[in-house]
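Listed below, chain by chain, are the residues.
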Amino acid sequence: MSASAELLTLTPDGVSVYEVGLRDGLQNEPLVVPTEGKLRLAQALVDAGLKRIEATSFVSPKWVPQLADAGELAASLTGFAEDITFSALVPNERGLERASQAGLREVAVFMSASETHNRANINKTVESTLGLFEELVPQALALGLRVRAYVSTVWGCPYEGEIPIARSVEIATKLFALGCYQVSLGDTIGVGTPRQTLNIVQAMLQSLPREAIALHFHDTRGTALANVLMGLECGISTFDSSVGGLGGCPYAPGASGNLATEDLVYMLDGMGVSTGVALEPLVAAGTLAAQLLGRKLPGKVHQAGPFRLRPFAQTSR
Ligand code: HMG
Ligand code: MG
């Protein structure tokens with residue numbers, strides 16, 4: 001059997017969709033959505049069947065004013081069913097304290113594989129960030145929280161260009177060893193292409209269990225779904241996406257929307273890969289997001305709508 005045929009057999013039967021619209025999506029919008037609007041969007045995402053939702057960030061409100069209501073929002077999300085996990089970014093001890101006080105059961109630490117983006121984003125060197133997380137992750141685990149991690153700029157940095165894969169592998173491996181249950185690899189500015197994705201995932205698989213790897217694609221250049229397909233063929237089963245294709249990092253020039261959740265679910269539905277997410281209510285959630293922001297969103301399925309096969313008699317002339 002050829003190597004590519006072997007890879008194809010690894011496509012999972014089911015995928016976990018990790019929704020980041022409320023966080024990655026709203027952090028980059030000029031308009032600040034009121035907490036009540038965010039709660040309505042959270043409800044709509046849950047109604048569509050999403051079970052893992054990153055709701056906000058406990059970062060400095062001076063750096064990301066769009067998410068300054070993190071405490072109030074997270075506290076209001078505690079009433080949802082037990083099987084729904086809301087998470088939030090935490091950059092430091094202050095963030096962890098705020099997240100835990102608000103009643104979250106999961107948090108995510110984040111850093112970049114590139115030195116310049118890491119400084120621009122969280123004002124620290126890569127080394128000092130790893131040092132900080134050596135303290136922070138065990139603290140979060142001791143509080144009973146699950147901890148996810150992000151490594152950004154794995155496919156490319158807006159300041160430094162291509163980043164050696166070995167650098168990203170080293171950081172991801174350290175974060176996993178600290179006790180992060182999953183490391184989400186970020187194509188922060190949407191520059192990745194499929195063969196690069198294959199190389200990155202295969203390199204990661206030398207050091208990390210398959211289920212510990214998630215892929216987080218921004219769709220800036222239209223390659224996100226192609227990259228997902230490559231990830232699937234490598235057996236990856238968690239993909240981050242954002243309703244309507246909202247998203248972007250305010251500290252990564254050129255970063256635009258994440259892969260749209262509707263586009264991801266549409267493709268997976270068509271491939272027979274289950275997600276537990278229903279497309280029609282998901283499209284309705286995207287419509288709500290567009291209303292809250294007062295603008296059209298970039299997602300393809302968001303714009304085109306779901307496709308329903310009609311009986312032949314109705315469609316033939
Ligand atoms: P700093 O200025 O270096 O830190 O910021 P500081 O410790 O000197 O604090 C400065 C001020 O912030 C102080 O307030 C602190 O109290 C306050 P002041 O005394 O000036 O009034 N502060 C906080 N307030 C609330 N919560 C906190 C907190 N920490 C400090 N947790 C810091 C360092 C990390 C805080 C800052 O750089 C920051 O907030 N950065 C956030 C950047 C961010 O959110 N970026 C977007 C998310 S990452 C992303 O989008 C990529 C991803 O999607 C994956 C991908 O696409 O690749 C995840
Ligand atoms: Mg992102």
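For the structure itself, look to the data block above.
Residues numbered from 1 in each chain as written. Chains lettered and ligands numbered in written order. Predicted model: local features only at pLDDT ≥ 70, side-chain atom pairs only at ≥ 80, totals over all residues. Heavy atoms only, no water.

Trainee: Quick question: what am I supposed to make of helix H8 (residues 165-177) here?
Mentor: For an α-helix, 3.6 residues make a turn, and residues three or four places apart therefore share a direction. With 13 residues, H8 extends 18 Å from end C-alpha to end C-alpha; this agrees with the ideal 18 Å at 1.5 Å per step. Contacts from the buried residues of H8 go to strand E4 (106-112), helix H7 (126-142), strand E5 (146-152), strand E6 (182-187) and helix H9 (194-205). (Helix = DSSP H or I, 4+ residues; strand = E, 2+ residues; numbered from the N terminus. Expected span 1.5 Å × (residues − 1). Contact = heavy atoms within 4.5 Å.)

Trainee: Would you mind going over the packing of aromatic side chains with me for this structure?
Mentor: How two aromatic rings sit relative to each other is given by the distance of their centres and the angle of their planes. Enumeration over the complete set of coordinates arrives at three aromatic pairs. Aromatic side chains Trp 63 and Tyr 251 sit 5.1 Å apart centroid to centroid with 55° between the ring planes, which places their arrangement in the tilted category. Within this pair, whereas Trp 63 is found in the loop between strand E2 (52-57) and helix H4 (70-76), its partner Tyr 251 is found in the loop between strand E8 (238-241) and helix H11 (261-271), the two being separated by 188 residues in sequence. Between the aromatic rings of Phe 80 and Phe 86, the centroid separation amounts to 5.2 Å while the plane-to-plane angle is 65°, which identifies the pairing as edge-to-face. Residue classification places Phe 86 among the buried residues on the basis of a relative accessible area of 6%. Geometry around Tyr 150 places Arg 23 over its ring, the cationic atom sitting 5.5 Å from the centre. Here the basic side chain of Arg 148 rests over the ring of Tyr 18, its NZ or CZ set 3.5 Å away from the ring centre. (Phe/Tyr/Trp six-rings, centres within 6.5 Å; stacked < 30°, edge-to-face > 60°. Buried < 20%, exposed > 50% of the residue type's maximum accessible area, 1.4 Å probe, protein only. Lys NZ or Arg CZ within 6 Å of the ring centre and 35° of its normal.)

Trainee: Even after reading the chapter, I still don't get the nonpolar core, so can you show me in this structure?
Mentor: Soluble, globular proteins show a tendency: their nonpolar side chains are buried together. Formed by 98 residues in total, the largest nonpolar core has its most connected members in Phe 86, Leu 175 and Leu 185. Take this core: its biggest share by element is nine residues, from helix H12 (residues 279-293). Setting aside residues up to four positions removed in sequence, Phe 86 forms contacts with Ala 42, Val 46, Ile 53, Ala 55, Leu 77, Phe 80, Leu 104 and Glu 106. (Core = buried A, V, L, I, M, F, W, Y, C linked by side-chain atoms within 4.5 Å.)

Trainee: How should I be thinking about the packing of helix H3 (residues 35-47) against H12 in this particular structure?
Mentor: Angle between the axes and distance between the axes are the two parameters that describe a pair of packed helices. At a minimum axis distance of 8 Å, the contact between H3 and H12 shows a crossing angle of 165°. Between H3 and H12, the interaxial angle falls into the category roughly antiparallel. The way H3 lies across H12 gives a crossing that is left-handed. Between H3 and H12, the contacting residues are Gly 37, Arg 40, Leu 41, Ala 44, Leu 45 and Asp 47 on the first element and Pro 281, Leu 282, Ala 285, Leu 288, Ala 289 and Leu 292 on the second. Its residues assigned to classes, the contact of H3 with H12 shows nine nonpolar, one polar and two charged. (Axes fitted to C-alpha atoms, helices over the stretch in contact; angles between N-to-C directions. Parallel < 35°, antiparallel > 145°, perpendicular 65-115°, else oblique. Left-handed = near helix turned anticlockwise from the far one by under 90°. Nonpolar A, V, L, I, M, F, W, Y, C, P; charged D, E, K, R; others polar.)

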